[in-house]
Amino acid sequence: MAGTVESVREEEPLKGVSEEGGVSNDRHCADGLGVSKLSTWRTATFLLSFFICLIIVFAFSFVLPCPVRPQYQPTWNRIVPAAGLPSPCLFLLAVDGTDGVTLWERPLAAVYDWAVCGVGGVKTKGKICLVAHTDNLTAVNMHTGVIIWQRPRSPVINGHLPVILLPDLDGDGTDDIAVLSYIPPVPPRTPAPTELVFFSGKSGDVIGLKVNVDAGAVRTHLQVTTPSGAHYLLLCTDGGLYTVGLWRLADRAEISMASKLKKENSWEKKPTNISGLIPLYGSGALQHMVVVKGGSGSSSPSVLLQTASTIMLLNTNTLSISWTKNTSQLINIPSFGHFNKDGVSDIVLEENLGNETKRVVIVDGQTGRELWAGSLLFGTQSPSPASVLTIYSYSVFMLWGETRTQSNVTRGISEEWASYLLHPHYSSVLLERRNPVQNIISFKTALLERGRHACYLVLSGANGSLTDEAGLGGAEPVVLTKRKIKDDVSQSVVLGVGGPEGGAIARDMENFVREAFERLRFNEEMI
């Protein structure tokens, strides 16, 4: 019998024994029914919860729809009429990039000196526009146009841009600012002491004491922030180029939280003069300087130095000159873009060749060698070149020049502005568009929608007649024009670089170049 039982167990191991120890199979059946009912309830509960979640999702999908993508108008004009405005007058105006509709207006007391947006401000309420006008410094909320604070300008009556951006130095939870005050050494003006004043970004109150930088006659200044987060001032003076740590100046201003400002140890090891300034370049021939992002091929910023006959790139890692290039008389301040894909900002120069002709040169930011050059006619108030970075790591460049044609009406030479588009992969041609906007006061490229809507903005008078006599107090209004860059492609003529009238281009080549521009997608980073 024992052998028979074991045999049954081996043959049907899952069934087990029908009776063992006096316990029948009836109990096992009852347990199975209980487990089956429990499993059914669990399934029902899961399905009920799932359907409730679906109902909630669909309900909220109708109550809270997805945000609508803004529909940007390719072109718009925002006209500010002059009629009825006192002369002089001053006001800030914010317009919507999609359609040019006014977002807010803020009248201010004239006379205007300078303004900068995107500084200081309360973190929860956005950045501010800081305006220096009459005897005031006025901070205006960029998003609402509301005046946040207004303070007397007397501590920095000779203040200059750029405004210096600082972390919170007074413990109010808001980034702070500083303004450098000086009179450039331009005869017959008498240079004044170079003084730095710290201001609260939240209230506009002066923080600490006014500091005499004691740098001599300052022509211009810049702020440089090293990769480690240390803030330094660059001072272009009649005696050369100097730098000084803002930590040192904040300490001399007796600011209690000056220790929040970092030092760059490699810079501080350099010898200093009696005023604590670090000499970088010992020539008084410097005229201008511009910060270049990653100009030395690293994360550290570089500084482009300009004299009457040369440009030089200062490497802020080593505080030494990386390269030097000879130039002719420059018309505008150098601008930047990416002509190649090495990740280093290249430099766009405009040299005056005489006879109202300029030579546009793109210089490699890494080596200083010439990458591209072309000649254009130009007149007075020629806008500086600009660029827009594409997702392909190179930029599209926009240049300005003049076209001159024989006029049958006036029996003379007719002059008008022309804008030019340059594609680095098709550098033997330019796209020329005759631009009806004349006598341009200000010009800027912008990216209003990532990858799609690259545009340019032009500020001028109506029909190009904004002059000293025809400003806001005269007969002509001020006009802000926005155009989508790609819309200029179909309205442009493809010209060869060099040769008579730019040189003839085959029709197949024209279509090929236009298609290349139409396929472009743009990057958020602007140069």
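Residues numbered from 1 in each chain as written. Predicted model: local features only at pLDDT ≥ 70, side-chain atom pairs only at ≥ 80, totals over all residues. Heavy atoms only, no water.

A.B. asks: Looking at this model, I keep getting lost on the overall build of the chain. Mind explaining?
C.D. replies: Tallying secondary structure elements over the chain gives six helices and 31 strands in all. Contacts spanning at least 24 positions in sequence make up 47% of the contacts within the chain whose residues lie at least 6 apart. For the chain, the exposed area adds up to about 27,200 Å²; of that, 55% sits on carbon and sulfur atoms. (Helix = DSSP H or I, 4+ residues; strand = E, 2+ residues; numbered from the N terminus. Contact = heavy atoms within 4.5 Å. Areas by Shrake-Rupley, 256 points an atom, 1.4 Å probe, with all protein chains shown as cover.)

A.B. asks: Could you clarify how one ought to interpret the nonpolar core in this entry?
C.D. replies: Here is a general trend for soluble globular proteins: nonpolar side chains tend to be buried in one another's company. Formed by 43 residues in total, the largest nonpolar core has its most connected members in L196 and F198. Top contributing element to this core by residue count: strand β13 (residues 231-237), with five residues. Apart from residues lying up to four places away in sequence, F198 is in contact with L166, L169, I177, A178, D205, V206, I207, V211, L249, A250, A253 and I255. One finds V388, V396, Y456 and V513 within the second-largest nonpolar core, a separate group that totals 26 residues. (Core = buried A, V, L, I, M, F, W, Y, C linked by side-chain atoms within 4.5 Å. Buried < 20%, exposed > 50% of the residue type's maximum accessible area, 1.4 Å probe, protein only.)

A.B. asks: I would appreciate a short explanation of the environment of L353 in the present structure.
C.D. replies: With respect to the helices and strands, L353 occurs in strand β21 (residues 346-354). The exposure class of L353 is partly exposed, given its relative accessible area of 44%. Along the primary structure L353 and L377 are separated by 24 residues, whereas in three dimensions their C-alpha atoms are 9.9 Å apart. Apart from the residues lying within four places of it in its own chain, the contact partners of L353 are K358, R359 and S375.

A.B. asks: Is there a simple way to explain a nonpolar patch on the surface in this structure?
C.D. replies: On the surface, F46, L47, F50, F51 and L54 cluster together into a nonpolar patch covering about 490 Å² of accessible area. Tracing the sequence through the fold places F50 in helix α2 (residues 26-63). (Patch = residues over 30% accessible without salt bridge, like charges linked within 9 Å, V, L, I, M, F, W, Y side chains within 5 Å. Salt bridge = Lys/Arg side-chain N within 4 Å of Asp/Glu carboxyl O.)

A.B. asks: Where do I start with the confidence of the model for the chain in this structure?
C.D. replies: Averaged over the chain, the pLDDT score is 82; the fraction of residues at 70 or greater is 80%. Note on residues 1-25: pLDDT is under 50 here. Beyond four places in sequence and across chains, it has seven contacts. This model gives residues 463-474 a pLDDT under 50, and the stretch forms 21 contacts once residues within four places in sequence are excluded. (pLDDT = per-residue confidence, 0-100.)

A.B. asks: When you look at the sheet that holds strand β14 (residues 240-245) in this model, what are you seeing that I'm missing?
C.D. replies: Across a sheet, strands are paired by hydrogen bonds formed along the backbone, either parallel or antiparallel in direction. Reading across the sheet, the four strands line up as β12-β13-β14-β15 and stay open at both edges, with antiparallel pairing between neighbours. Each of the sheet's edge strands pairs with one partner strand only, and the pair in question is β12 (218-225) and β15 (278-281). Put simply, the sheet's adjacent strands are angled 25° from each other on average, direction ignored. Across three bridges, β14 lies against β15 in antiparallel orientation. Opposite T243, over in β15, you have I278 as the bridge partner. (Pairing = 2+ DSSP bridges. Axes fitted to C-alpha atoms, helices over the stretch in contact; angles between N-to-C directions.)

A.B. asks: Honestly, the state of the cysteines in this entry has me stumped. Any pointers?
C.D. replies: Here a disulfide denotes one covalent bond, and it connects the sulfur atoms of two cysteines. Scanning all chains against the criterion turns up one disulfide. Note that C117 is cross-linked by a disulfide to C129, the S-S spacing being 2.0 Å. Across the S-S bond linking C117 and C129, the dihedral sits near 105°, which makes this disulfide right-handed. One end of the pair, C117, is in strand β4 (residues 112-119); the other, C129, is in strand β5 (residues 128-133), with 12 residues separating them in the sequence. Judged by its relative accessible area of 45%, C117 is partly exposed. (Disulfide = S-S within 2.5 Å.)

A.B. asks: Help me out: how do you make sense of the environment of N340 in this one?
C.D. replies: Summarising the element assignment, N340 is placed in the loop between β20 (335-337) and β21. Not counting residues within four places of it along the chain, the set of residues in contact with N340 comprises D346, D364, L371, S393 and Y394.

A.B. asks: Please clarify how the pattern of salt bridges should be interpreted in this entry.
C.D. replies: Where charged atoms from two side chains of opposite charge come close, those side chains can pair. Applying the stated criterion across every chain yields a total of 15 salt bridges. Close ionic contact of R433 with D488 constitutes a salt bridge, the shortest N to O distance being 3.6 Å. Of this pair, R433 sits in strand β27 (residues 429-434) while D488 sits in helix α5 (residues 487-490), placing them 55 residues apart in sequence. Accessibility expressed as a relative area gives 2% for D488, which makes it buried. Between E510 and R514 there is a salt bridge, with the nearest N and O atoms lying 3.5 Å from each other. One end of the pair is E510 and the other is R514, both in helix α6 (residues 507-518) and four residues apart, which spans about a single turn. For E510, a relative accessible area of 15% translates into the label buried. For R514, a relative accessible area of 18% translates into the label buried. Beyond isolated ion pairs, a larger network of salt bridges with shared partners links K325, E351, R359 and E370.

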